Every structure is written in structure tokens, then in C-alpha cells.
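Summary of structural features
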Amino acid sequence: CNSKSVIAALGGPSQVAKQYGFSVQRVCNWGVRGIPASVILENPLFAEAIRAAGYRRNVEAQQAA
């Protein structure tokens, strides 16, 4: 899953939660369900970090294929 690998690249769920103010459980859920668009839109620093780490939403990934 793309979200799981991006979270790992950013230091894992604990590090992401601490750095961007999310709960660890919430970040762990993103590894399974993907990162919600609302979270990306509401957190520009987090959005930039995941883009730099290679995150692509499912729709973007399907369009690129």
C-alpha cells in the first residue's frame, strides 16, 4: 500500500503522529485505508511531506497507469 510505505519513509506511525499532531492509531489506520483527502487538505505541511515521500492517491495512481 502506498500510504503504508510513505508513513514508513517518514519515520513510522509514531513519528508521523508526533510531528504532525495526529494520534498513532489514526496514522496506523491510514496504512490500511489510505490517507483521507480531508487530512491532506487541512494539513499543508503534512501534505508536502507525503508528496515529497512519493505518496499518490489511488485516483492519481490509476490515471498515471
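Chains are numbered independently. Their residues run from 1 in the order of the written sequence. With the structure being a predicted model, the display of local features is reserved for residues of pLDDT at least 70 and the display and counting of side-chain atom pairs for 80 or more, all residues being used for whole-chain, interface and lining totals. Calculation of side-chain values draws on the structure's entire complement of heavy atoms; hydrogens and water are dropped beforehand.

1. So, the overall build of the protein
Here is the rule we go by: A run of DSSP states H or I qualifies as a helix once it reaches four residues; a run of E qualifies as a strand once it reaches two. Both are numbered from the N-terminal end. The cut-offs for exposure are 20% and 50% of the maximum accessible area for each residue type, with area from a 1.4 Å probe on protein chains only; residues under the lower value are buried, those over the upper are exposed, and the others partly exposed. Note on contacts: a residue pair is in contact if any heavy atoms of the two residues lie within 4.5 Å. Only the protein chains shown count as cover for residues, and all accessible areas are computed by the Shrake-Rupley method using a 1.4 Å probe.
Within the protein one finds six helices and zero strands. In sequence order, the protein lays out its α and β elements as α-α-α-α-α-α. Counting only residues that meet the buried cut, the protein has 29% of its 65 residues in that class. Put simply, of all contacts in the protein between residues at least 6 apart along the chain, 42% involve residues at least 24 apart. Here the protein displays about 4300 Å² of accessible surface, and carbon together with sulfur accounts for 52% of that area.

2. Considerations on helix α3 (residues 24-33)
Put simply, the rule is: The arc in question is the one traced by the directions running from the helix axis out to the C-beta atoms.
All of the buried residues in α3 are Val 27, Trp 30 and Gly 31. Looking straight down α3, one finds its buried side chains confined to an arc of 105°; they lie on one side. Structural note: α3 exposes Gln 25, Val 32 and Arg 33 on the side pointing more than 90 degrees away from its buried face. Directly beyond the C-terminal end of α3, a positive phi value near 95° is found at Gly 34.

3. Structural notes on the nonpolar core
In plain terms, the rule: What makes a nonpolar core is a set of buried Ala, Val, Leu, Ile, Met, Phe, Trp, Tyr and Cys residues whose side-chain atoms join them at distances within 4.5 Å.
With 14 residues, the main nonpolar core has Val 27, Trp 30, Ile 35, Phe 46 and Ile 50 as its most contacted residues. The set of elements that each furnish at least two residues to this core consists of α1 (2-9), α2 (13-20), α3, α4 (37-42) and α5 (44-52). Here the element with the most residues in this core is α5; it accounts for three residues. In this structure Phe 46 touches Leu 10, Val 16, Tyr 20, Phe 22, Trp 30, Ile 35 and Val 39, once residues within four positions along its chain are discounted.

4. Details of the packing of aromatic side chains
Put simply, the test is: Note on ring pairs: Phe, Tyr and Trp rings are taken, using the six-membered ring of Trp, and paired if centres are within 6.5 Å. Classes follow the plane angle, with under 30 degrees stacked, over 60 edge-to-face and the rest tilted.
Tallying each qualifying case throughout the model produces four aromatic pairs. Note on Phe 22 and Trp 30: the rings are 4.9 Å apart at their centroids and 75° apart in plane angle, and the pair reads as edge-to-face. Accessibility assignment for this pair places Phe 22 and Trp 30 in one class, buried. Taken together, Tyr 20, Phe 22, Trp 30 and Phe 46 form an aromatic cluster joined through their ring pairs.

5. Focus: the confidence of the model for the protein
Rule in force here: Each residue carries a pLDDT value, the predictor's own confidence for that position, ranging from 0 to 100.
Overall, the predicted model of the protein reaches an average pLDDT of 89, with 86% of residues at or above 70. Mean pLDDT per element in the protein: helix α6 (residues 58-64) is the minimum at 49, and α2 is the maximum at 97.

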